[in-house]
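# A structural walkthrough
What follows is each chain in one-letter form.
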Amino acid sequence: MTKKMKLILISALSLAGVILLLFVVRAVITKVNTKPVFYTVKKENYENVIEISGTVEAAQEQTLQALSDGTVLGVYVKEGDRVKKGDVIIQLDDTTQVYNLEKHDFNMAATRITGSAREIKLMQTERLSLLQKVSDRKVSATFDGVIAALDVAVGDSLEAKDSVGTLVNVDYLLAEVEVAETDVSQLKVGQQVEFSFNAYKDKTVYGTVIGWPAIGEITSRGATVVKVKIKIEDFPPEILPNYSFTGKIKIADPEEYLLVERYAIGYENKKPYVVTNKSSKKIDVKVVPYGNTMVKIVEGDVKEGDVLVQQSKPKMSGLSKNRGGMMGPPGGMGARPPRM
């Protein structure tokens, strides 16, 4: 056999080998591609809520402070005492103010005899001013409540606006929270709110939405929010004003969704169906999109845990195909689904 013939024979054998290898590879790929792919139906619990955080405050709070300079002559309560609206808590020296009032009353009595009606009217107006000065020598409760803090003693010298304590009304608690402008349309007065407090771990405190202003505010981050007020009427003694919390405003009752990859859905006459791995029978379903690769099964004889046979193939887009794995929707389980 000549050298040329040998080369031709070797080339022919090599080509035959390549062709045979291609047939083998094609057969393997065909076998892989025809292997059934399954998807498992999952259940997702969805809470339609607005998440919030902040601190609670007393229903009412009064800072106890002197309205003018003076020496403390009397302190009539202590921390923890309950007081009524109008009760005097602290008395400053009012000797000068009482003297000025009594002197004015003496002069006004004389004016009633010899003076004109205009003079008497002016003196009556001046008397009101003197009465206010006497009143300003007292620090009184403006509502029924409890003395939460008090730091003053007889003999102390106070200046106007000196703060010496706090009076609170804790018949209920209030919270003011920021809600994004996109969620305000979902708010309603009376909606239930669930609170979690670090001081009351593993237990839930409930409140209700009582209102919000007709104007938004822009935060330091540039976001527009609305300040929503929430009332907590029934709360444990462990919760005190200024305690921090996280919580959620319940927009609607929780819902359960059945989710599966959209490749498990087939169509016949434009009507969707699925097939389980236990039967070749087509099961009619009704679905709606949920994210990019999932659908929500809203009708049909399908339940959590059912294994469905693939009815369509994912399109290649530079990424590997999703073969049998359960890809969650954006945000993970329990996240708010995209608006339809």
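Use the structure listed above.
Figured I'd write up the structure that's included with this text. Only a predicted model underlies this, so the values are computations on that prediction, with no experimental measurement involved.

## Some remarks on the overall build of the protein
- Counting its secondary structure elements, the protein contains 3 helices and 21 strands.
- For the protein, with 340 residues in total, the buried portion stands at 34%.
- In the protein, of all internal contacts separated by at least 6 residues, the share reaching a separation of at least 24 is 74%.

## As for helix H3 (residues 117-135)
- Between its first and last C-alpha atoms H3 spans 27 Å; for 19 residues at 1.5 Å apiece the expected length is 27 Å, and the two agree.
- Considered for burial, the residues of H3 that qualify are Ile 120, Met 123, Leu 130 and Val 134. Along H3, the residues classed as buried sweep out an arc of 70° about the axis, all on the same side. Facing away from the buried side of H3 by more than 90 degrees, the exposed set consists of Arg 118, Lys 121, Leu 122 and Leu 128.

## Focus: the sheet that holds strand E4 (residues 70-75)
- Spatially, 4 strands are ordered E7-E6-E4-E9 in an open sheet, and the strand pairing comes out antiparallel. Each of the sheet's edge strands pairs with one partner strand only, and the pair in question is strand E7 (138-140) and strand E9 (157-158).
- The pairing of strand E6 (residues 88-92) with E7 spans 3 bridges and is antiparallel. Its bridge partner being in E7, Gln 91 is matched across the sheet by Lys 138.

## What to know about the pairing of strand E8 (residues 145-150)
- One ladder, built from 2 bridges, connects strand E5 (residues 82-83) with E8; its direction is antiparallel. Residue pairing in the sheet places Val 83 in a bridge with Gly 145 of E8.
- As paired elements, E8 and strand E10 (residues 163-180) share 4 bridges and run antiparallel to each other. Within E10, the position partnered with Val 146 by the bridge is Val 168.

## Points about the pattern of salt bridges
- Tallying each qualifying case throughout the model produces 11 salt bridges.
- Between Glu 194 and Lys 250 there is a salt bridge whose closest N-O contact spans 3.9 Å. Note that Glu 194 is positioned in strand E11 (residues 192-197) and Lys 250 in strand E15 (residues 244-250), a separation of 56 residues in sequence.
- Taking relative accessible area as the criterion, Lys 250 reaches 22% and is therefore assigned partly exposed.
- Through salt bridges with shared partners, a single network forms among Lys 43, Glu 256 and Glu 304.

## Overview of the packing of aromatic side chains
- Per the counting criterion, the structure on display carries 6 aromatic pairs.
- Relative to Phe 245, the ring of Phe 195 lies with its centre 4.9 Å away and its plane at 80°, an arrangement referred to as edge-to-face. Of this pair, Phe 195 sits in strand E11 while Phe 245 sits in strand E15; the two residues are 50 residues apart in sequence, bridging distant segments of the chain. The same class applies to Phe 195 as to Phe 245, namely buried.
- Aromatic rings pair up to connect Tyr 46, Tyr 257 and Tyr 290 into one cluster.
- A cation over an aromatic ring shows up here: Lys 282 above the ring of Tyr 273, its NZ or CZ 4.6 Å from the ring centre.

## Notes on the side chain of Thr 219
- Inspection of the secondary structure assignment puts Thr 219 in the loop between strand E13 (217-218) and strand E14 (224-232).
- Not counting chain neighbours up to four residues away, the residues in contact with Thr 219 comprise Glu 178 and Val 225.

## Regarding the nonpolar core
- Counting residues in each nonpolar core, the largest one holds 24 residues, and the members touching the most others are Phe 195, Phe 197, Ile 230 and Ile 249.
- Going through the elements one at a time, strand E3 (49-65), E10, E11, strand E12 (205-211), E14 and E15 are the ones with two or more residues in this core.
- Not counting the four nearest positions on each side in its chain, Phe 197 is found in contact with Val 56, Val 205, Ile 232, Ile 239, Tyr 243, Ser 244 and Phe 245.
- Counting residues in hydrophobic clusters, the runner-up holds 17 residues, among them Val 72, Leu 92, Leu 158 and Leu 167.

## Quick word on the side chain of Gln 62
- Along the chain, the position of Gln 62 falls in strand E3.
- Only 2.9 Å separates the side chain of Gln 62 from the backbone oxygen of Ser 140, close enough to count as a polar contact.
- Side-chain polar atoms of Gln 62 contact the side chain of Thr 142, separated by 2.9 Å.
- Ignoring any residue separated from it by four or fewer positions in sequence, one finds Gln 62 in contact with Ser 140, Ala 141, Thr 142, Phe 143, Gly 165, Thr 166 and Leu 167.

Rules behind the numbers
- Residues numbered from 1 in each chain as written.
- Predicted model: local features only at pLDDT ≥ 70, side-chain atom pairs only at ≥ 80, totals over all residues.
- Heavy atoms only, no water.
- Helix = DSSP H or I, 4+ residues; strand = E, 2+ residues; numbered from the N terminus.
- Buried < 20%, exposed > 50% of the residue type's maximum accessible area, 1.4 Å probe, protein only.
- Contact = heavy atoms within 4.5 Å.
- Expected span 1.5 Å × (residues − 1).
- Arc of directions from axis to C-beta.
- Pairing = 2+ DSSP bridges.
- Salt bridge = Lys/Arg side-chain N within 4 Å of Asp/Glu carboxyl O.
- Phe/Tyr/Trp six-rings, centres within 6.5 Å; stacked < 30°, edge-to-face > 60°.
- Lys NZ or Arg CZ within 6 Å of the ring centre and 35° of its normal.
- Core = buried A, V, L, I, M, F, W, Y, C linked by side-chain atoms within 4.5 Å.
- Polar contact = N/O pair within 3.5 Å; in protein donor to acceptor, adjacent residues only side chain to side chain.

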